[in-house]
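Working through the structure, step by step
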Amino acid sequence: RRQRQMCIRDRDIITGKESIDLVLLNMQTPGLNGLETLAEIRKTEHDIPIIAQTAPVREEEQDDLMNAGCTTCLIKPVSLDQLLSVISGFLSKN
């Protein structure tokens, strides 16, 4: 029996190669633009929850993330309890 993959590359989400329940998106990944990745995901996945993780930002920047399609935004450092609480809240709705 194949174990469910826990980490899927953004290009697999964008191209629809994987069926997923939730996206945990690090906005400051070297070599990737988080807002561009978010926009690409939203082109094909309109309803999936996207949780952005970001370094401390101004309120306007957080608003930009939400307007770009994030479902919620977590400011680093994120505790394990906080992360699990947010994830379980979205997954329990499905």
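Before reading further, recall that the structure is shown in the block above.
What comes next concerns the included structure.

**Section: the pairing of strand β3 (residues 72-75)**
- As judged from the 4 bridges shared by strand β2 (residues 50-54) and β3, these two strands associate in the parallel manner. Bridging from a neighbouring strand, Gln53 pairs with Leu74 of β3.
- In the classification by handedness, the crossover that spans β2, the intervening helix α3 (residues 59-68) and the parallel β3 is right-handed.

**Comments concerning the environment of Asp63**
- Of note, Asp63 is situated in helix α3.
- We classify Asp63 as partly exposed; its relative accessible area is 40%.
- Here the alpha-carbon distance between Asp63 and Cys73, two residues 10 residues apart in the chain, equals 9.4 Å.

**Re the nonpolar core**
- The biggest cluster of nonpolar side chains holds 12 residues, and these are Ile20, Val23, Leu25, Met27, Leu38, Ile41, Ile48, Ile50, Ala52, Leu65, Cys70 and Cys73.
- Aside from chain neighbours lying at most four places away, what touches Cys73 is Ala52, Thr54, Gln62, Leu65 and Met66.
- Listed in part, the 7 residues of the second largest apolar core include Leu74, Leu83, Val86 and Ile87.

**Some details on the side chain of Thr54**
- Locating Thr54 in the fold gives a position in strand β2.
- Exposure remark for Thr54: the relative accessible area of 2% places this residue in the buried category.
- Ignoring anything within four residues of it in the chain, the contact list for Thr54 reads Met27, Gln28, Leu65, Cys73, Leu74, Ile75 and Lys76.

Here is what the cut-offs are and how they apply
Residues numbered from 1 in each chain as written. Predicted model: local features only at pLDDT ≥ 70, side-chain atom pairs only at ≥ 80, totals over all residues. Heavy atoms only, no water. Pairing = 2+ DSSP bridges. Helix = DSSP H or I, 4+ residues; strand = E, 2+ residues; numbered from the N terminus. Right-handed = clockwise from strand over helix to strand, strands pointing away. Buried < 20%, exposed > 50% of the residue type's maximum accessible area, 1.4 Å probe, protein only. Core = buried A, V, L, I, M, F, W, Y, C linked by side-chain atoms within 4.5 Å. Contact = heavy atoms within 4.5 Å.

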